[in-house]
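Examining the three-dimensional arrangement
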Amino acid sequence: MSETAEAPESDVAADPPPKARPAKGKPEKRHILLRLFGISIWGALKLTLLCVLVGVIVLAAQFDPRDPQVDVGQTLAATAQTAWNGASWAVRNLWRPALAGAAVVLPIWVLWRLASLPFRK
């Protein structure tokens with residue numbers, strides 16, 4: 001019986017190297033318009049709700065930019081003063097409900113985190 005000489009594996013033609021893929025840390029570059037205006041469905045919904053909220057505020061304030069008495073600086077100052085007054089009111093008055101809510105929520109949250117610990121990566 002004649003033995004057929006098989007070529008050693010090192011002589012067998014190797015597969016060509018795979019095509020270079022982008023590094024895992026670097027995503028492919030997207031087009032400038034996609035980077036600028038690309039938005040998810042959830043993002044579009046949030047943007048729409050924000051537009052509606054701002055529109056309600058503008059209409060409730062009866063804002064008319066054509067009115068000659070419109071003063072942007074004075075309006076911004078009044079808005080900042082109102083925001084400051086609201087924040088100081090919240091600090092003075094909302095700590096009690098926040099503390100009462102935390103007394104209920106935080107222990108439940110800690111128990112939930114402990115119970116779900118084996119299932120988290």
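Calculation notes
- Residues numbered from 1 in each chain as written.
- Predicted model: local features only at pLDDT ≥ 70, side-chain atom pairs only at ≥ 80, totals over all residues.
- Heavy atoms only, no water.
- Helix = DSSP H or I, 4+ residues; strand = E, 2+ residues; numbered from the N terminus.
- Buried < 20%, exposed > 50% of the residue type's maximum accessible area, 1.4 Å probe, protein only.
- Areas by Shrake-Rupley, 256 points an atom, 1.4 Å probe, with all protein chains shown as cover.
- Expected span 1.5 Å × (residues − 1).
- Bend = angle between axes of the 7 residues up to and from the residue.
- Axes fitted to C-alpha atoms, helices over the stretch in contact; angles between N-to-C directions.
- Parallel < 35°, antiparallel > 145°, perpendicular 65-115°, else oblique.
- Contact = heavy atoms within 4.5 Å.
- Nonpolar A, V, L, I, M, F, W, Y, C, P; charged D, E, K, R; others polar.
- Patch = residues over 30% accessible without salt bridge, like charges linked within 9 Å, V, L, I, M, F, W, Y side chains within 5 Å.
- Salt bridge = Lys/Arg side-chain N within 4 Å of Asp/Glu carboxyl O.
- Polar contact = N/O pair within 3.5 Å; in protein donor to acceptor, adjacent residues only side chain to side chain.
- pLDDT = per-residue confidence, 0-100.

Let's talk about the overall build of the protein
- Per the secondary structure count, the protein includes four helices and zero strands.
- Secondary structure elements of the protein, listed N to C terminal, follow the sequence α-α-α-α.
- With 121 residues in all, the protein has 2% of them scored as buried.
- Accessible surface, the protein: about 12300 Å² in total, of which carbon and sulfur atoms supply 68%.

Side note on helix 4 (residues 95–116)
- An ideal rise of 1.5 Å per residue puts 32 Å on 22 residues; helix 4 measures up with 30 Å between its terminal C-alpha atoms.
- Taken as a whole, helix 4 carries its principal kink of about 35 degrees at Ala 102.

Concerning the packing of helix 3 (residues 72–93) against helix 4
- The contact between helix 3 and helix 4 brings their axes to 5 Å, and the two run at 50 degrees. If you check the angle between helix 3 and helix 4, you find them oblique. Only Trp 95, Arg 96 and Pro 97 of helix 4 make contact with helix 3, whose side of the interface consists of Ala 90, Val 91, Arg 92 and Asn 93.
- Tallied by class, residues from the contact of helix 3 with helix 4 come to four nonpolar, one polar and two charged.

Digging into a nonpolar patch on the surface
- The grouping of Ile 39, Leu 47, Leu 50, Leu 53, Val 54, Ile 57, Val 58, Phe 63, Val 70, Val 72 and Leu 76 at the surface amounts to a nonpolar patch, some 1000 Å² of accessible area in total.
- Going through the elements one at a time, helix 2 (41–60) and helix 3 are the ones with two or more residues in the nonpolar patch.
- Top element by residues in the nonpolar patch is helix 2. It accounts for six residues.
- Considering the arrangement of structural elements, one finds Phe 63 in the loop between helix 2 and helix 3.
- The exposure class of Phe 63 is partly exposed, given its relative accessible area of 47%.

Overview of the side chain of Ser 116
- Mapping Ser 116 onto the fold places it in helix 4.
- A distance of 3.4 Å separates the side chain of Ser 116 from the backbone oxygen of Arg 113, its partner in a polar contact.

Notes on helix 2
- If you check helix 2, its first and last C-alpha atoms are 29 Å apart, about what 20 residues at 1.5 Å a residue would give, namely 28 Å.
- Where helix 2 ends, the next residue or the one after it, Gln 62, has phi of about 55 degrees, a positive value.

What to know about the confidence of the model for the protein
- In this model, the protein carries a mean pLDDT of 80, and residues with pLDDT of at least 70 account for 79%.
- Taking the mean pLDDT of every element in the protein, the minimum, 78, falls on helix 1 (residues 32–37) and the maximum, 91, on helix 4.

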